[in-house]
Amino acid sequence: DAGVIQSPRHEVTEMGQEVTLRCKPISGHNSLFWYRQTMMRGLELLIYFNNNVPIDDSGMPEDRFSAKMPNASFSTLKIQPSEPRDSAVYFCASSLGGQGNEKLFFGSGTQLSVL
Amino acid sequence: AQKITQTQPGMFVQEKEAVTLDCTYDTSDPSYGLFWYKQPSSGEMIFLIYQGSYDQQNATEGRYSLNFQKARKSANLVISASQLGDSAMYFCAMREANTNAGKSTFGDGTTLTVKP
């Protein structure tokens, strides 16, 4: 089992550029989560999907952020245009089922630096 | 309102001693799960232990146990016989099965340092 795969591992970009983060969940998992982690704000839930459908995107900071899950094996988080305050580690996680008893499997994260 | 509260930003423990990390939660959903994850300095998130809202017994996984007090809405993590490798950030999390369709929210974390 390859686990949750995120790419890229590190991304350095300049303010104003578009950034796309990618996630491949574990095969068979039907819940997918995007989190952002910073020292100041901790681990924030940005958006999550059940069966490829966005369930709650209330954590998405603003219109500059968008997330898609076109199929069960792929999701993207896009920031356009990026700003220095978007610098953070972005985690993708997946789980089997959308119930209360399923643990999350996390990817290794994408370290984003916006200069 | 904060769903998960971890009141200890940092904790210290002597190697081989036990330590308790606090977690309280807030939900009106009768069906939920409580989880603890470990994040070492390398950054990955590692699942440690799970407790279901209907479970009668406290969960245990090796040196980890969860002190579940449902009426008080607390789910404290107990690490016995601490090791140097236990030094990490620890997160408490909750998933609500009904009201939020499995949404998983995390506390702010507790940084544990094990002293030799």
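Sequence order as written defines the numbering, with residues in each chain counted from 1. Each chain is given a letter, starting from A, and each ligand a number, starting from 1, according to the order in which they appear as written. Confidence filtering applies because this is a predicted model: local features only for residues at pLDDT of at least 70, side-chain atom pairs given and counted only at 80 or more, and all residues used for totals across whole chains, interfaces and linings. The side-chain numbers reported here are obtained from all heavy atoms of the structure, hydrogens and water having been left aside.

Visitor: So what about the overall build of chain B? Which residues, and what values?
Guide: Numbered from the N terminus, helices here are DSSP runs of H or I no shorter than four residues, and strands are runs of E no shorter than two. Looking only at helices and strands, chain B features zero helices and twelve strands. Helices (α) and strands (β) of chain B occur, in sequence order from the N terminus, as β-β-β-β-β-β-β-β-β-β-β-β. When we talk radius of gyration, it's over C-alpha atoms, and the globule rule is simply 2.2 Å times the number of residues to the 0.38. Against the compact-globule benchmark of 13 Å for 116 residues, chain B has a radius of gyration of 14 Å, which places it among compact chains. Along the first, second and third principal axes, the C-alpha atoms of chain B reach 45 × 30 × 20 Å. Within chain B, the fraction of its 116 residues that count as buried is 48%. By the convention used here, residues are in contact when the closest approach between their heavy atoms is within 4.5 Å. In chain B, 55% of the contacts between residues at least 6 apart in sequence involve partners at least 24 apart. We treat Lys and Arg as the positive residues and Asp and Glu as the negative residues; His and chain ends play no part in the count. A charge is said to be at NZ when it belongs to Lys, at CZ for Arg, at CG for Asp and at CD for Glu. Here chain B contributes 10 positive and 11 negative side-chain charges, whose respective centroids are spaced 2 Å apart. Burial status follows relative accessibility: with a 1.4 Å probe on protein chains alone, a residue under 20% of its type maximum counts as buried, one over 50% as exposed, and anything between as partly exposed.

Visitor: Residues and numbers for the interface of chain A and chain B, please.
Guide: With 22 residues of chain A at the contact, the number on the chain B side is 18 residues. Note on terms: buried area is the combined drop in 1.4 Å-probe accessible area of two parts once they are placed together, counting the loss on both. For the chain A and chain B pair, buried surface summed over both sides reaches about 1,600 Å², with 54% attributable to carbon and sulfur atoms. Here, a salt bridge means any Lys or Arg side-chain nitrogen found within 4 Å of an Asp or Glu carboxyl oxygen. In this structure, K103(B) and D56(A) form a salt bridge, with 2.9 Å as the shortest nitrogen-oxygen distance. Nitrogen and oxygen atoms within 3.5 Å of one another constitute a polar contact, given that in protein one can donate a hydrogen and the other can accept it, and given that sequence-neighbouring residues count only through two side-chain atoms. Applying the counting criterion to the chain A and chain B interface returns six residue pairs in polar contact (both at pLDDT 80 or more). For the side of chain A that touches chain B, the elements supplying multiple residues, two or more each, are β4 (31-38), β5 (42-50), β6 (53-56) and β9 (88-95) of chain A. Polar here means any residue outside two lists: the nonpolar Ala, Val, Leu, Ile, Met, Phe, Trp, Tyr, Cys and Pro, and the charged Asp, Glu, Lys and Arg; Gly therefore counts as polar. Tallied by class, the residues present in the side of chain A that touches chain B amount to nine nonpolar, ten polar and three charged.

Visitor: Can you tell me about the pairing of strand β7 (residues 65-71) of chain A, naming the residues and giving the values?
Guide: Residues and elements named next belong to chain A. Strands are labelled as partners when DSSP assigns at least two bridges between them. Taken together, the five bridges between β7 and strand β8 (residues 74-79) define a ladder with antiparallel strand orientation. Across the sheet, residue S66 finds its bridge partner in β8, namely K78. Hairpin connection of β7 to β8: two residues between the antiparallel strands.

Visitor: Let's hear about the state of the cysteines: which residues, and what values?
Guide: In what follows, a disulfide is any cysteine sulfur pair within 2.5 Å. Under the definition given, this model contains two disulfides over all chains. Two residues, C23(A) and C92(A), share a disulfide whose sulfurs are 1.8 Å apart. Judged by the sign of its S-S torsion, about -65°, the cystine formed by C23(A) and C92(A) is left-handed. Placement of C23(A) in strand β3 (residues 19-24) and of C92(A) in strand β9 is noted, with a sequence separation of 69 residues between them. Neither residue differs from the other here; C23(A) and C92(A) are each classed as buried. Each sulfur in the disulfide pair C23(B) and C92(B) lies 2.0 Å from the other. Because the sign of the S-S torsion sets the handedness, a value of about -65° for the bond joining C23(B) and C92(B) places this disulfide among the left-handed ones. Of this pair, C23(B) sits in the loop between β3 (19-21) and β4 (24-25) while C92(B) sits in strand β10 (residues 88-96), placing them 69 residues apart in sequence. Accessibility expressed as a relative area gives 0% for C92(B), which makes it buried.

Visitor: Give a detailed account of the side chain of E96(B), specifying residues and quantitative values.
Guide: All names here are of chain B. Inspection of the secondary structure assignment puts E96 in strand β10. Judged by its relative accessible area of 3%, E96 is buried. Of note is the side chain of E96, whose polar atom sits 3.1 Å from the side chain of K3. Setting aside residues no more than four positions away along its own chain, E96 makes contact with K3, D26, T27, D29, S31, Y32, A101, G102 and K103.

Visitor: Describe the side chain of H29(A), naming the residues involved and giving the relevant values.
Guide: Residue and element names in this part refer to chain A. Among the secondary structure elements, H29 is positioned in the loop between β3 and β4. Overall, H29 belongs to the buried group, its relative accessible area being 11%. Reaching out from H29, the side chain makes a polar contact with the side chain of S94 at a distance of 2.8 Å. Excluding residues within four positions of it along the chain, H29 makes contact with S94, S95, L96 and F105.

Don't take any of this as a statement about function, it's just geometry.
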